[in-house]
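Survey of secondary and tertiary structure
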Amino acid sequence: MYAQLVDTGAKRLKTLEEMSPEERAFQEKIDAEIKIEPKNWMPEGYRRTLIRQISQHAHSEIVGMLPEKNWLTRAPNFKRKLQLLAKIQDEGGHGLYLYSAMETLGADRDEEVAKLHSGEVKYSSIFNYPALSWADMGTIGWLVDGAAIVNQVVLQRTSYGPYSRAMIRICKEESFHQRQGYQILLHMMQNGTDEQKAMVQDSINRFWWPAMMMFGPHDSDSPNSAQSMAWKIKRMSNDDLRQRFIDQTVPQLEFLGCTAPDPELKWNETRGHYDFGEIDWTEFYDVVKGNGPCNRDRLRTRRKAIEEGTWVREAASAYAAKQKQKNAAA
Amino acid sequence: MNQNQALFEYLLRLGDSDMILGQRLCEWVGNAPALEEEMAIGNVALDLIGQARSWLTLAAEVASAAELEAAGRSADDLAFTRDERAYRNLLIVEQANGNFADTMARQYLFDVWHYHLLSALSGSADERVAAIAAKGLKEVTYHLRRSSAWIKRLGDGTEESHARMQDAIDEIWTYSGEMFIADEVDNLLAVAGIGADLNRLRSLWQADVQALLAEATLNCPSMDEYMQRGSKQGLHTEQLGFLLAEMQFLPRAYPGASW
Amino acid sequence: MSDWTLFEVFVRSKHGLNHKHVGSVHAADAAMALENARELYTRRSEGVSIWVVPSAAITASSPDEKEPLFDPSDDKVYRHATFYDLPKEVGHM
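Keep in mind that what you see is a predicted model, and the values were worked out from it rather than measured.

Before going further, it helps to examine the overall build of chain B. In terms of regular secondary structure, chain B is built from 11 helices and zero strands. The N-to-C order of helical and strand elements in chain B reads α-α-α-α-α-α-α-α-α-α-α. What you see for chain B is a C-alpha radius of gyration of 18 Å, in line with the 18 Å of a compact globule of 259 residues. Looking at the 259 residues of chain B, the share that counts as buried comes to 61%. Considering only contacts in chain B between residues 6 or more positions apart, those separated by 24 or more positions represent 79%. Element-wise, carbon and sulfur atoms account for 49% of the exposed surface of chain B, whose accessible area totals about 9,600 Å². Across chain B, the centroid of the 21 positively charged side chains sits 3 Å from that of the 38 negatively charged ones.

Right under this line is the structure:
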């Protein structure tokens with residue numbers, strides 16, 4: 001997902017008996033679905049894991065603006081240009097809501113952004129794939145935002161109050177993103193030329209598997225999941241989320257009149273779910289490690305923006321200090 | 001030239017300047033000096049492109065109703081298929097983003113002009129023009145407030161920002177004079193009470209800009225310096241062609257396709 | 001951005017309602033904080049008024065004191081109108 005591999009520092013769950021009285025009270029609160037608020041006592045691991053998860057989520061929103069920006073200046077008409085700009089701008093806003101939630105845990109935004117820039121903290125692997133055609137604006141909105149929404153809807157019930165509230169706001173605002181993307185594709189499939197239809201299918205072929213990877217490794221390969229689930233930082237397992245996403249996406253794919261690049265994709269009557277093929281995990285870990293087609297570009301762009309903006313931010317601070325002095329003297 | 005031809009031309013100028021500046025601001029996405037600034041630049045760009053759409057939609061209506069040469073073309077056709085020589089935006093808005101000071105200098109000088117222009121057009125004898133102007137004026141009032149604040153912050157910030165801001169003003173200044181040069185179109189519409197009086201705009205603009213630059217501890221260049229011109233005849237700088245090549249890529253690469 | 005200040009943002013969504021905490025922004029000064037808050041928290045006409053307050057200026061009650069601070073008012077039912085039964089004949093009061 002937007003935070004794919006979050007280390008909780010705990011390989012095994014503590015039982016209630018093993019916990020200190022504070023830890024036990026904390027866990028009982030979580031079990032009773034009572035939200036944890038900024039000044040409440042919390043285990044250090046909970047705080048650290050949350051900072052990690054929320055910052056990765058925020059970084060993903062910010063880096064996620066870049067593939068779409070690649071086509072913003074080439075959007076084909078007024079309607080699409082305005083929609084895309086509003087969507088990209090929402091993503092910036094969502095990054096900021098999340099950083100704001102993260103800062104209630106005592107983390108500093110600049111320090112966390114520096115960890116992103118140094119490669120210490122990751123963002124979602126999906127944004128390391130290039131946006132090569134206009135149809136990608138549709139596919140990103142439909143598949144990528146669609147996958148993100150599946151996760152975020154569940155996270156509205158996360159145990160940490162500020163994170164949960166940010167998620168509620170984000171989900172409300174994001175409802176138009178996926179529709180915006182799907183409509184781009186649908187319009188091309190229903191009103192487009194053969195060339196445009198081929199553009200849509202090509203785009204789906206390229207983004208299908210990377211979108212499936214967004215939910216992270218199999219549950220059996222997610223050593224940190226148990227602790228995150230117990231803390232209710234995570235509320236559904238990677239595999240369950242992925243299945244939910246596929247089940248809701250395939251009918252939409254069929255309505256488009258397109259296919260998925262997965263020969264094993266088919267409805268399983270007994271399970272009541274779609275069966276699907278195995279993800280290429282080597283590719284997943286390669287991209288996470290920094291070897292995706294765009295990892296270097298994405299980070300370079302973000303680093304450059306913040307570095308080249310230093311003199312601007314310093315000027316604003318210097319001006320504010322001068323004004324303060326002037327007002328004090330007056 | 002009759003009044004409809006003049007109005008069509010006038011609307012193209014209004015729409016094109018908004019469109020091109022909006023496009024330039026889009027280039028900042030992902031590159032702004034602070035995340036909060038990403039949001040602000042995005043909002044201004046959304047406002048400007050929205051205004052461009054309103055002006056060009058009206059232009060298309062006027063062309064069709066009066067059976068002008070451009071009859072039958074939509075706002076999208078006008079924005080996404082007209083070539084450089086047919087574009088009527090001010091030279092100032094097509095200038096490259098440069099650094100943040102360059103962008104803010106361009107924005108501020110344009111915003112002051114835009115603000116007074118839309119104030120005047122809010123009282124236009126053409127109700128359609130007045131309505132678009134009145135709506136745009138609310139947005140531009142905010143754009144101006146924001147760019148003014150940045151001119152002050154950068155002008156009276158650090159030594160480095162002061163130097164960069166002064167360079168930016170000096171560099172863009174030569175493109176500011178064109179905003180006040182009236183031609184047949186302007187004169188015809190001003191007399192009809194539809195368009196704005198550019199002489200009056202000039203003195204309002206000058207007073208505002210001089211006052212703000214002084215407050216920002218910046219030197220205000222003279223209005224009598226040599227000023228570039230040509231956009232009203234579609235004579236642009238070399239910057240515009242590349243911008244249009246990018247902006248118009250899809251409609252030109254796939255003629256007749258619907259998106 | 002380290003020397004930009006963290007401001008808490010409160011938005012009044014409609015005339016007649018209280019300002020409500022919505023999140024925070026970074027800014028060099030209060031004027032910029034107001035602008036940044038406007039860009040971030042009122043993109044969908046969510047507000048008619050914004051307050052910004054430096055986060056450091058807020059004093060919050062400690063959660064450990066929740067019981068002494070708030071529990072004592074739990075049993076003061078006589079502060080609520082519903083505590084007072086009146087004959088129907090009196091009508092609405």
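That was the structure; now back to the text.
Here we come to the packing of aromatic side chains. Following the criterion strictly, the structure yields 18 aromatic pairs over all chains and no others. Both rings, one in W267 of chain A and one in Y274 of chain A, keep their centres 5.0 Å apart while their planes meet at 75°; by these two values the pair is edge-to-face. Residue Y274 of chain A is classed as buried on the basis of its relative accessible area of 12%. On the basis of an interplanar angle of 85° and a centroid distance of 5.8 Å, the ring pair of W28 of chain B and F100 of chain B is categorised as edge-to-face. In this pair, W28 of chain B sits in the loop between α1 (3-26) and α2 (35-65) while F100 of chain B sits in helix α5 (residues 100-121), placing the two residues 72 residues apart along the sequence. For the pair formed by W28 of chain B and F100 of chain B, the shared burial category is buried.

Residue and element names in this part refer to chain C. Overall, antiparallel pairing links the three strands, which are arranged β2-β1-β3 in an open sheet. Here the strands that pair on one side only, and so sit at the sheet edges, are β2 (19-27) and β3 (49-54). The mean angle between the axes of side-by-side strands here comes to 30°, regardless of whether they run parallel or antiparallel.

Bringing the pattern of salt bridges into the picture now. Under the counting rule described, the total for this entry stands at 37 salt bridges over all chains. Across the pair E173 of chain A and R169 of chain A runs a salt bridge, and its minimum N-O distance is 3.6 Å. Linking E173 of chain A with R169 of chain A, this pair stays in helix α7 (residues 161-191), spanning four residues, or about one helical turn. For the pair E173 of chain A and R169 of chain A, a shared accessibility class is recorded, and that class is buried. Across the pair R271 of chain A and D275 of chain A runs a salt bridge, and its minimum N-O distance is 2.8 Å. Accessibility expressed as a relative area gives 22% for D275 of chain A, which makes it partly exposed. It is possible to trace a salt-bridge network through shared partners that takes in D90, R169 and E173 of chain A together with R43, R44 and E46 of chain C.

Moving on: the interface of chain A and chain C. With 20 residues of chain A at the interface, the matching set in chain C holds 19 residues. Taken over both partners, the interface formed by chain A and chain C buries close to 1,800 Å², and the fraction arising from carbon and sulfur atoms is 50%. For the pair chain A and chain C, the number of links is five salt bridges. The partner of D90 of chain A in a salt bridge is R44 of chain C, with the nearest N and O atoms 2.5 Å apart. Taken together, the connections running from chain A to chain C amount to 12 residue pairs in polar contact (both at pLDDT 80 or more). When residues of the side of chain A that touches chain C are traced back to their parent elements, those giving at least two are α4 (78-103), α5 (109-118), α7 and α13 (310-329) of chain A. The element contributing the most residues to the side of chain A that touches chain C is α4 of chain A, with eight residues. The residue makeup of the side of chain A that touches chain C, split by class, is six nonpolar, six polar and eight charged.

On to the interface of chain B and chain A. In this assembly, 49 residues from chain B lie in contact with 47 residues from chain A. Buried area between chain B and chain A, both sides added, is near 4,300 Å², and the carbon and sulfur share of it is 68%. Inspection of the region where chain B meets chain A yields four salt bridges. In this structure, E36 of chain B and R109 of chain A form a salt bridge, with 2.5 Å as the shortest nitrogen-oxygen distance.

What follows concerns the pairing of strand β1 (residues 5-12) of chain C. Residue and element names in this part refer to chain C. Pairing of β1 with β2, which is carried by eight bridges, proceeds in the antiparallel orientation. Among the inter-strand pairings, F7 is bridged to a residue of β2, identified as V25. Counted between consecutive antiparallel strands, the loop separating β1 from β2 contains six residues, among which G16 sits at a positive phi close to 100°. In the sheet, β1 pairs with β3 via six bridges, with the strands oriented antiparallel. Bridge pairing in β3 places F10 opposite W51.

Note that predicted coordinates carrying low pLDDT should not be read in detail. Residues and elements named next belong to chain C. Overall, the prediction assigns chain C a mean pLDDT of 84, with 92% of residues at 70 or greater. Looking at the elements of chain C, mean pLDDT is at its lowest for helix α2 (residues 66-70), recorded as 70, and at its highest for β3, recorded as 95. We note a pTM of 0.93 for the whole complex and an ipTM of 0.97 for its interfaces.

To continue, consider helix α7 (residues 159-172) of chain B. All names here are of chain B. Helix length check: α7 (14 residues) gives 20 Å between terminal C-alpha atoms against 20 Å at 1.5 Å per residue, within 8%. Listing the buried residues of α7 in full gives S161, M165, Q166, A168, I169 and I172. All buried residues of α7 project into a common sector of 160° when viewed along the axis, lining one side. In α7, the exposed residues that point more than 90 degrees away from the buried face are E159, D167 and E171.

Here the focus is a negative patch on the surface. Residue and element names in this part refer to chain B. Taken together, D167, D170, E171, D224 and E225 make up a surface patch of like negative charges. In this structure, D224 sits in the loop between α9 (198-215) and α10 (239-247). Residue classification places D224 among the exposed positions, given a relative accessible area of 68%.

Below, the discussion takes up the environment of E278 of chain A. Residue and element names in this part refer to chain A. Locating E278 in the fold gives a position in the loop between β2 (273-275) and α11 (281-291). When the C-alpha atoms of E278 and H218 are compared, they prove to be 10 Å apart, with 60 residues separating the residues in sequence. Leave out the neighbours within four places in its chain, and E278 touches W209 and H218. Within the local environment of E278, its side chain forms a polar contact with the side chain of H218, the two groups lying 2.8 Å apart.

Phi angles above zero are rare outside glycine, and E33 of chain A is one such case at about 65°. By the element assignment, E33 of chain A lies in the loop between α1 (21-31) and α2 (44-63). Judged by relative accessible area, which is 41%, E33 of chain A ranks as partly exposed. Positive phi outside glycine occurs at E67 of chain B, with the angle close to 50°. Checked against the element boundaries, E67 of chain B lands in the loop between α2 and α3 (75-81).

Reading guide: rules and limits
- Residues numbered from 1 in each chain as written.
- Chains lettered and ligands numbered in written order.
- Predicted model: local features only at pLDDT ≥ 70, side-chain atom pairs only at ≥ 80, totals over all residues.
- Heavy atoms only, no water.
- Helix = DSSP H or I, 4+ residues; strand = E, 2+ residues; numbered from the N terminus.
- Rg over C-alpha atoms; globule rule 2.2 N^0.38 Å.
- Buried < 20%, exposed > 50% of the residue type's maximum accessible area, 1.4 Å probe, protein only.
- Contact = heavy atoms within 4.5 Å.
- Areas by Shrake-Rupley, 256 points an atom, 1.4 Å probe, with all protein chains shown as cover.
- Lys, Arg positive; Asp, Glu negative; His and termini not counted.
- Charge placed at Lys NZ, Arg CZ, Asp CG, Glu CD.
- Phe/Tyr/Trp six-rings, centres within 6.5 Å; stacked < 30°, edge-to-face > 60°.
- Pairing = 2+ DSSP bridges.
- Axes fitted to C-alpha atoms, helices over the stretch in contact; angles between N-to-C directions.
- Salt bridge = Lys/Arg side-chain N within 4 Å of Asp/Glu carboxyl O.
- Buried area = accessible area lost by both parts, 1.4 Å probe.
- Polar contact = N/O pair within 3.5 Å; in protein donor to acceptor, adjacent residues only side chain to side chain.
- Nonpolar A, V, L, I, M, F, W, Y, C, P; charged D, E, K, R; others polar.
- pLDDT = per-residue confidence, 0-100.
- Expected span 1.5 Å × (residues − 1).
- Arc of directions from axis to C-beta.
- Patch = residues over 30% accessible without salt bridge, like charges linked within 9 Å, V, L, I, M, F, W, Y side chains within 5 Å.

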